[in-house]
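A structural walkthrough
What follows is the residue order along each chain.
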Amino acid sequence: MQPGTEVRLCESCHGILVEAESRWQHPAWVLEKFPQRHCETPTPGRLAKAREVRAGWGSDVRKDDFFHIRELEDYLVDPDATIHVGTDGSYRHVDGPDIRQRPICWGFLASNGLYGLGAARMPHRMIGQRVLQAELRPIWWSLRRLVRTHYVRILSDSQDALDVVEQWRAGSEQMPPGYTLERAGERKATMLQLAQLVAENASRISVEKVRGHTGHPLNEGADALAKIARMWATGRLVKAEAHADARRVARAQLTRYRENYGRPASAVRLSADN
């Protein structure tokens, strides 16, 4: 890009946009670098920051204290297929003032090769059902990456989390019990953002209860990723080890998924009517 070019973030997918031929477009190098993430109808938003211009991508949300999302490019599937996403959360209460020992941890593994894990340290003033919050967090991070360009089917062993998602699909903004919305500055609470994202894309989201620890590759992968996140957040793994372990888990479980399930039978194509 030429110096002085105006660069904005897309409000739909958060990729950078430049104006060309009287319309806003994703630069060609961004389309090549992030083939699964860009949207088809870019909407210019705020001006991009310098680091976002360099990266080709930006975000209006705060990442967790420990955060890692990647793609296995050789596992990409039909871009019009429904993406199945196994999600899992992990929270273990530990007495004492050290919030480093009680992070809310999560992991997700998607059938198109996308996977993620992370952990958020919650101070005492942040109350509520932390187990449920842990189960909802991977749904948030996976939907942010997938739902604007794909139909998404969420697979979880937490009926409580799926019930909350179904309420949000119906338009409710009711938060999990005890979850507070007050945040520093003007930042919107994560679960409120998730509720709004689900409501806005209700027709693209479906949910499915899976039994935990019964061998479903996406569920088992998500569970393993959440455990890696906990080890990383509590100092038992360093960053490089956590990232390497996560990649190995994602590849192994996706290989099992393809061998046992193949392409999801419920694949649905997006159309202009949806």
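A brief look at the structure comes next.

A few words on the packing of helix 3 (residues 130–146) against helix 4 (residues 159–169). Relative orientation of the contacting elements helix 3 and helix 4 amounts to 60°, with a least axis distance of 9 Å. What the angle tells us is that helix 3 and helix 4 run oblique. Crossing handedness for the pair helix 3 and helix 4: right-handed. Across from Leu 132, Glu 135, Leu 136 and Ile 139 in helix 3, the residues of helix 4 making contact are Asp 160, Ala 161, Val 164, Val 165 and Trp 168. Looking at the contact of helix 3 with helix 4 residue by residue, the class counts come to 7 nonpolar, no polar and 2 charged.

Strand order in this open sheet of 4 strands is 3-2-1-4, and the pairing throughout is antiparallel. The strands lining the two open edges of the sheet, one partner per strand, are strand 3 (23–25) and strand 4 (44–47). The mean inter-strand angle of the sheet, taken between neighbouring strand axes irrespective of direction, is 50°. Two strands pair when backbone bridges link them, and strand 1 (residues 7–10) and strand 4 are joined in this way by 2 bridges, in the antiparallel orientation. When the bridges of strand 4 are listed, Arg 8 appears paired with Leu 47.

In terms of residue burial, strand 6 (residues 83–90) counts as a mostly covered element, since 8 of its 8 residues are buried. Burial along strand 6 is two-sided: the face carrying Ile 83, Val 85, Thr 87 and Gly 89 and the face carrying His 84, Gly 86, Asp 88 and Ser 90 are both buried.

The next thing to look at is the side chain of Asn 201. Counting through the fold element by element, Asn 201 comes out in the loop between helix 5 (190–200) and strand 10 (205–209). Dropping the residues within four chain positions of it, Asn 201 is found in contact with Val 147 and Arg 148.

A separate point is a positive patch on the surface. The grouping of Lys 49, Arg 51, Arg 54, Lys 63, Arg 70 and Lys 239 at the surface amounts to a positive patch. Residue Arg 54 is classed as exposed on the basis of its relative accessible area of 62%.

Now for the pattern of salt bridges. Opposite charge on two side chains permits them to pair, given that their charged atoms come into close proximity. All chains considered together, the criterion is met by 7 salt bridges. The closest approach of N and O atoms between Glu 208 and Arg 153, which form a salt bridge, is 2.9 Å. A residue pair is termed long-range when its members are at least 10 positions apart, and Glu 208 in strand 10 and Arg 153 in strand 9 (residues 152–156) qualify at 55 residues. For Glu 208, a relative accessible area of 29% puts it in the partly exposed group. Across the pair Arg 248 and Asp 245 runs a salt bridge whose closest N-O atoms are separated by 2.2 Å. You can see Arg 248 and its partner Asp 245 sitting in helix 7 (residues 239–260), 3 residues apart, about one turn around the helix. For Arg 248, a relative accessible area of 54% puts it in the exposed group.

Conventions used here
Residues numbered from 1 in each chain as written. Predicted model: local features only at pLDDT ≥ 70, side-chain atom pairs only at ≥ 80, totals over all residues. Heavy atoms only, no water. Axes fitted to C-alpha atoms, helices over the stretch in contact; angles between N-to-C directions. Helix = DSSP H or I, 4+ residues; strand = E, 2+ residues; numbered from the N terminus. Parallel < 35°, antiparallel > 145°, perpendicular 65-115°, else oblique. Left-handed = near helix turned anticlockwise from the far one by under 90°. Contact = heavy atoms within 4.5 Å. Nonpolar A, V, L, I, M, F, W, Y, C, P; charged D, E, K, R; others polar. Pairing = 2+ DSSP bridges. Buried < 20%, exposed > 50% of the residue type's maximum accessible area, 1.4 Å probe, protein only. Patch = residues over 30% accessible without salt bridge, like charges linked within 9 Å, V, L, I, M, F, W, Y side chains within 5 Å. Areas by Shrake-Rupley, 256 points an atom, 1.4 Å probe, with all protein chains shown as cover. Salt bridge = Lys/Arg side-chain N within 4 Å of Asp/Glu carboxyl O. Lys, Arg positive; Asp, Glu negative; His and termini not counted. Charge placed at Lys NZ, Arg CZ, Asp CG, Glu CD.

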